[in-house]
There are 2 protein chains.
Amino acid sequence: MSKDPIDFYFEFGSPYGYFAAFEVAKIEADTGRSVRWHPFMLGPAFKKTEQKPLLQIPLKGPYCVHDWERLSLITGTPWVMPEKFPVGILAAPRAFYWINDNDPELAKTYALAIYKAYFGDGRPVWEEGECADIAAECGIDRTEFLDVVQREEVKQRFKDITSTVIDDGVFGSPFFKVDGEPFWGFDRIDMMKQYIAQGCTWVQENKR
Amino acid sequence: MSKDPIDFYFEFGSPYGYFAAFEVAKIEADTGRSVRWHPFMLGPAFKKTEQKPLLQIPLKGPYCVHDWERLSLITGTPWVMPEKFPVGILAAPRAFYWINDNDPELAKTYALAIYKAYFGDGRPVWEEGECADIAAECGIDRTEFLDVVQREEVKQRFKDITSTVIDDGVFGSPFFKVDGEPFWGFDRIDMMKQYIAQGCTWVQENKR
């Protein structure tokens, strides 16, 4: 049976991605597989699926606001509605791949710190300076961080990664792939675990 | 603790509603609560949320086709992609409320028969004659059925129910409410059961 890492796709501005990120350690423990993190831009995916940001959708918007509050109670992951939401968050994911090149563990710590700062503490992570502060809190050089996120090749790399992710069928956050098998949404984590537990095959459990 | 029925909202043309309908007996057994069935028209809800039918959405459409196939394997509920999908299905839900007035149990049997005919056997339930056949298979008078679904007050009643359902915040199929607490989607059934099991309150399980 494959022991390849599970791929985890997320957008830093996505509440459901946030709740999923804080489940990753448990996913790794429960499945015996590691998880590979892939931040991407949800905006171009929403353009392709013609979806608006959740809060702008009648009926669904209010449902989601309530859902995030109860997911916080269920999971124990803290939750605040940030002052700006939705908002473009670019420096954070650009820097992620730069950090990841040298130290994947640090990159995950940093990603969780960004998420926690935004949706747990309401900090303005859409500002580069704030992201640099959070990076520094993780032991990353603040000045180098601010330089890196403005480099053209760093910006372009993140755009290219986003295009590839969407071309490969990812249209939401969180989105997981297990040897290519796709799972969209926070509420599919249990189904993904079950899939792995039974040897990555869909077993017909009962006939009707 | 409330023992009021769980409200189950669904559209006969919705694959996720179909899979949920065949979980209802298990939901009742697991929660000790009965389930009250409410077919409605998803079209007006999609108009409000500006959503297209799933198959017309790039990326999400192919994902869902795959998802329905695997949900069939997981749940044991049979699945075929009907020849016409999506398609307006009106006689079936109109008749549901008429049957339900006199015999709620028969109405549920009939609803499951319609769903099974459409998504399990690929029968053309968008045709009134086909629905009348299915009704007759459930022991309902075929001639009376065909008369009832064309009555103006029966048509209007179904429109009014749909408006009320959407005004009350329902925007997808399946959609459940437990004493008003909303659960959208087939993949929230477990969360709903957990909510009921812990006394209809969101307990903070672990702090981070």
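You'll find the structure just up there.
Below: a short report on this structure. Only a predicted model underlies this, so the values are computations on that prediction, with no experimental measurement involved. (Residues numbered from 1 in each chain as written. Chains lettered and ligands numbered in written order. Predicted model: local features only at pLDDT ≥ 70, side-chain atom pairs only at ≥ 80, totals over all residues. Heavy atoms only, no water.)

## Details of the interface of chain A and chain B
Counting residues at the interface gives 43 residues for chain A, matched by 43 residues for chain B. Buried area between chain A and chain B, summed over both chains or domains, comes out near 3900 Å², and the portion from carbon and sulfur atoms is 55%. One can count eight salt bridges joining chain A with chain B. For B:Asp67, the salt bridge is made with A:Arg188, and the minimal N-O distance between the two is 2.8 Å. Summed over the shared surface of chain A and chain B, the number is 14 residue pairs in polar contact (both at pLDDT 80 or more). (Contact = heavy atoms within 4.5 Å. Buried area = accessible area lost by both parts, 1.4 Å probe. Salt bridge = Lys/Arg side-chain N within 4 Å of Asp/Glu carboxyl O. Polar contact = N/O pair within 3.5 Å; in protein donor to acceptor, adjacent residues only side chain to side chain.)

## Structural notes on the pattern of salt bridges
As enumerated under the stated definition, the model contains 37 salt bridges over all chains in all. The residue B:Asp187 makes a salt bridge to A:Arg188 at a minimum N-O spacing of 2.9 Å. Of this pair, B:Asp187 sits in the loop between strand 4 (181-184) and helix 10 (189-197) while A:Arg188 is found in the loop between strand 4 (181-184) and helix 10 (189-197), placing the two residues in two different chains. By relative accessible area, B:Asp187 is classed as partly exposed at 25%. With a relative accessible area of 4%, A:Arg188 lands in the buried category. B:Lys108 serves as the salt-bridge partner of B:Glu105, at 3.4 Å between the closest nitrogen and oxygen. Of this pair, B:Glu105 and B:Lys108 both sit in helix 6 (residues 104-120), separated by three residues, roughly a single helical turn. Since its relative accessible area comes to 18%, B:Lys108 is described here as buried. Taken together, the salt bridges that share partners define one network made up of A:Asp67, A:Arg70, A:Asp187, B:Glu181 and B:Arg188. (Helix = DSSP H or I, 4+ residues; strand = E, 2+ residues; numbered from the N terminus. Buried < 20%, exposed > 50% of the residue type's maximum accessible area, 1.4 Å probe, protein only.)

## Re the relation of the copies chain A and chain B
For the pair chain A and chain B, the relating rotation is 180°, the translation along its axis is 0.0 Å, and the fit reaches an RMSD of 0.0 Å. Expressed as an axis order, the relation between the two copies is that of a two-fold axis. Of the C-alpha atoms belonging to chain A, the one lying closest to the rotation axis is found on A:Asp187, 3.0 Å away. When the interface residues of chain A are mapped onto chain B, 100% of them again lie at the interface, so the same face is used by both copies. (Least-squares fit on C-alpha atoms with pLDDT ≥ 70 in both.)

## Quick notes on the nonpolar core
Grouped together as the largest cluster of nonpolar side chains are 151 residues, with contacts concentrated most on A:Tyr110 and B:Tyr110. In contact with B:Tyr110, not counting residues within four places along its chain, are B:Ala91, B:Ala92, B:Ala95, B:Phe96, B:Ile99, B:Cys131, B:Ala135, B:Cys138, B:Ile140 and B:Phe145. (Core = buried A, V, L, I, M, F, W, Y, C linked by side-chain atoms within 4.5 Å.)

## Here's the deal with the environment of A:Val125
Residue and element names in this part refer to chain A. Among the secondary structure elements, valine 125 is positioned in the loop between helix 6 (104-120) and helix 7 (128-137). Relative accessible area serves as the criterion here: at 2%, valine 125 is assigned to the buried category. Between the C-alpha atom of valine 125 and that of glycine 13, which follows or precedes it by 112 residues, the distance is 9.3 Å. Excluding its chain neighbours within four sequence positions, the residues that come into contact with valine 125 are Ile89, Ile114, Ala117, Tyr118, Glu130, Cys131 and Ile134.

## With respect to the packing of helix 2 (residues 24-31) of chain A against helix 10 of chain A
Residues and elements named next belong to chain A. Put simply, helix 2 and helix 10 touch, their axes get as near as 10 Å, and they point 20° apart. Looking at the two axes, helix 2 sits roughly parallel to helix 10. Judged by the twist between their axes, the crossing of helix 2 over helix 10 is right-handed. The residues of helix 10 that touch helix 2, namely those facing Lys26, Ile27, Asp30 and Thr31, are Ile189, Met192, Lys193 and Ile196. Across the contact of helix 2 with helix 10, the residue classes break down as four nonpolar, one polar and three charged. (Axes fitted to C-alpha atoms, helices over the stretch in contact; angles between N-to-C directions. Parallel < 35°, antiparallel > 145°, perpendicular 65-115°, else oblique. Left-handed = near helix turned anticlockwise from the far one by under 90°. Nonpolar A, V, L, I, M, F, W, Y, C, P; charged D, E, K, R; others polar.)

## Quick word on the sheet that holds strand 3 (residues 175-178) of chain A
Across the sheet, which stays open at both edges, the four strands sit in the order 2-1-3-4 (chain A) with mixed pairing between neighbours. With partners counted over all chains shown, the strands left at the sheet margins are strand 2 (35-39) and strand 4 of chain A, one partner each. Neighbouring strand axes in the sheet, compared pairwise and without regard to direction, differ in orientation by 20° on average. In the packing of helix 4 (residues 60-75) of chain B onto the sheet, the strands contacted are strand 3 and strand 4 of chain A, and the crossing angle to strand 4 of chain A comes to about 105°. (Pairing = 2+ DSSP bridges.)

## Examining the sheet that holds strand 2 (residues 35-39) of chain B
All names here are of chain B. Ordered in space as 2-1-3-4, the four strands form an open sheet in which the pairing is mixed. Two strands in the sheet have a free side with no partner beyond their single neighbour: strand 2 and strand 4. Between one strand and the next, the sheet's axes are offset by a mean angle of 20°, whatever the strand orientation. As paired elements, strand 1 (residues 6-10) and strand 3 (residues 175-178) share three bridges and run antiparallel to each other. In the sheet register, tyrosine 9 faces strand 3, and the bridge partner there is phenylalanine 175. Sitting on the sheet, helix 2 (residues 24-31) is in contact with strand 1, strand 2 and strand 3, with an inclination near 150° to strand 2. Across the face of the sheet, helix 10 comes into contact with strand 1, strand 3 and strand 4 while running at roughly 5° to strand 3.

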